[in-house]
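# Coordinate analysis (summary)
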Amino acid sequence: YPHQDELSTVNAHALALKGPDLWIGTYSQGVYVLNTSTGQIRHYGTEKLKDPSSYAICHDSKGRTWVATMEGFYLYSPENDSFQHIGATDALAIDIDEDKSYRLWLSTQGAGLWCYAPDNKVFKQYFHQDVDLHSLLSNQVNCTTVDAGGRLWIGTLEGLCYYDIAKKQFNRVELSVETGNVMSIIEDQGALWLSTERGIVKYEPQNLNPKSTASDL
């Protein structure tokens, strides 16, 4: 493929395809964009991004491109080929998911869960608090997924939880097996499949109704 010699040397961690453009996030070498049709390549380093390491890139349902670095969160502006700095996360973000209300959820390793609402430009952090049983389970968040009903599920170092948007609280999911660290989540016909440090777990939610709807964060 075009530029294979150059791209074979990067420590790549994120891939996101938008049309023919393959966005590539790397450790310490910035973000590359390879046009798989024309072979043209673009590179964005510290002249565009405050930190050159990106482990999560997302193209949302409105066609916008979001990039998370070890320093913060960015929106790509195609009009002037630049990045708008949304805010600092001060932690490695490894996953970005969009919910039904077009909010972006960032899973970080050590800084909890961040949520950005583009409509009102609110960037909010959720984190674990020992005194609050309905706070995030752990500040090490590995992944999120939004199911077909709009529920936001979060996989953390301390297990699985979901966010109840109406009560603005996180609820731990008690599973029949001890999962430990939940690394990824996918949904299949209403059931959740979890990859954990203790194997693959299937979970079927019952009568939770924690649907994510348009609301203040």
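Residues numbered from 1 in each chain as written. Predicted model: local features only at pLDDT ≥ 70, side-chain atom pairs only at ≥ 80, totals over all residues. Heavy atoms only, no water.

The subject of this paragraph is the overall build of the protein. Along the protein, the regular secondary structure elements total 1 helix and 19 strands. For 217 residues, the compact-globule formula gives about 17 Å, and the C-alpha radius of gyration of the protein, at 18 Å, lands near that figure. Seen through its C-alpha atoms, the protein measures out along the principal axes to roughly 50 × 40 × 30 Å. In the protein, buried positions account for 51% of the 217 residues. Counted over contacts in the protein with a minimum sequence separation of 6, partners at least 24 positions apart contribute 41%. Carbon together with sulfur atoms contributes 46% to the accessible area of the protein, which is approximately 10700 Å² in total. (Helix = DSSP H or I, 4+ residues; strand = E, 2+ residues; numbered from the N terminus. Rg over C-alpha atoms; globule rule 2.2 N^0.38 Å. Buried < 20%, exposed > 50% of the residue type's maximum accessible area, 1.4 Å probe, protein only. Contact = heavy atoms within 4.5 Å. Areas by Shrake-Rupley, 256 points an atom, 1.4 Å probe, with all protein chains shown as cover.)

What follows concerns the confidence of the model for the protein. For the protein, per-residue confidence averages 93 on the pLDDT scale, and residues scoring 70 or more make up 95% of the total. Overall, residues 209-217 carries pLDDT values under 50, and its contacts beyond four positions in sequence, including any with other chains, amount to 32 contacts. (pLDDT = per-residue confidence, 0-100.)

Here we come to a negative patch on the surface. Taken together, Glu158, Glu174, Glu178 and Glu197 make up a surface patch of like negative charges. Tracing the backbone shows Glu174 in the loop between β16 (169-172) and β17 (182-188). Classification of Glu174 as exposed rests on a relative accessible area of 64%. (Patch = residues over 30% accessible without salt bridge, like charges linked within 9 Å, V, L, I, M, F, W, Y side chains within 5 Å. Salt bridge = Lys/Arg side-chain N within 4 Å of Asp/Glu carboxyl O. Lys, Arg positive; Asp, Glu negative; His and termini not counted. Charge placed at Lys NZ, Arg CZ, Asp CG, Glu CD.)

This part covers the side chain of Asn35. When you line up the elements, Asn35 lands in strand β3 (residues 31-35). Classification of Asn35 as buried rests on a relative accessible area of 15%. Within polar-contact distance, the side chain of Asn35 engages the side chain of Asp21 at 3.3 Å. A polar atom in the side chain of Asn35 sits 2.9 Å from the backbone nitrogen of Ser37. Setting aside residues up to four positions removed in sequence, Asn35 forms contacts with Pro20, Asp21 and Gln40. (Polar contact = N/O pair within 3.5 Å; in protein donor to acceptor, adjacent residues only side chain to side chain.)

With that out of the way, let us pick up the sheet that holds β17. Strand pairs in the sheet, formed through backbone hydrogen bonds, run parallel or antiparallel to each other. A sheet is described by the order of its strands in space; here 3 strands give the open sequence β17-β18-β19, paired in antiparallel fashion. Both outer strands of the open sheet, β17 and β19 (199-203), are each paired with one neighbouring strand and no more. Pairwise comparison of adjacent strand axes, ignoring direction, gives a mean angle of 20° for this sheet. In terms of strand pairing, strand β18 (residues 191-196) meets β19 through 5 bridges, oriented antiparallel. Residue pairing for β19: Trp193 is matched across the bridge by Lys202. (Pairing = 2+ DSSP bridges. Axes fitted to C-alpha atoms, helices over the stretch in contact; angles between N-to-C directions.)

Note on aromatic pairs: each is described by the distance of the centres and the angle between the planes. Inspection of every chain in the model, using the stated rule, returns 19 aromatic pairs. Between Phe73 and Tyr116 the ring centres are 6.2 Å apart and the planes differ by 75°, which places this aromatic pair in the edge-to-face class. With Phe73 in strand β7 (residues 72-77) and Tyr116 in strand β11 (residues 113-117), this residue pair connects regions lying 43 residues apart in the sequence. With a centroid separation of 5.9 Å and 20° between ring planes, the pair formed by Phe73 and Phe123 is classed as stacked. Here Phe73, found in strand β7, pairs with Phe123, found in strand β12 (residues 122-126); they are 50 residues apart in sequence, far enough to count as distant. Aromatic ring contacts, followed pair by pair, group Trp66, Phe73, Trp114, Tyr116 and Phe123 into a single cluster. It is Lys62 that lies over the ring of Tyr102; its NZ or CZ is 4.4 Å from the centre. (Phe/Tyr/Trp six-rings, centres within 6.5 Å; stacked < 30°, edge-to-face > 60°. Lys NZ or Arg CZ within 6 Å of the ring centre and 35° of its normal.)

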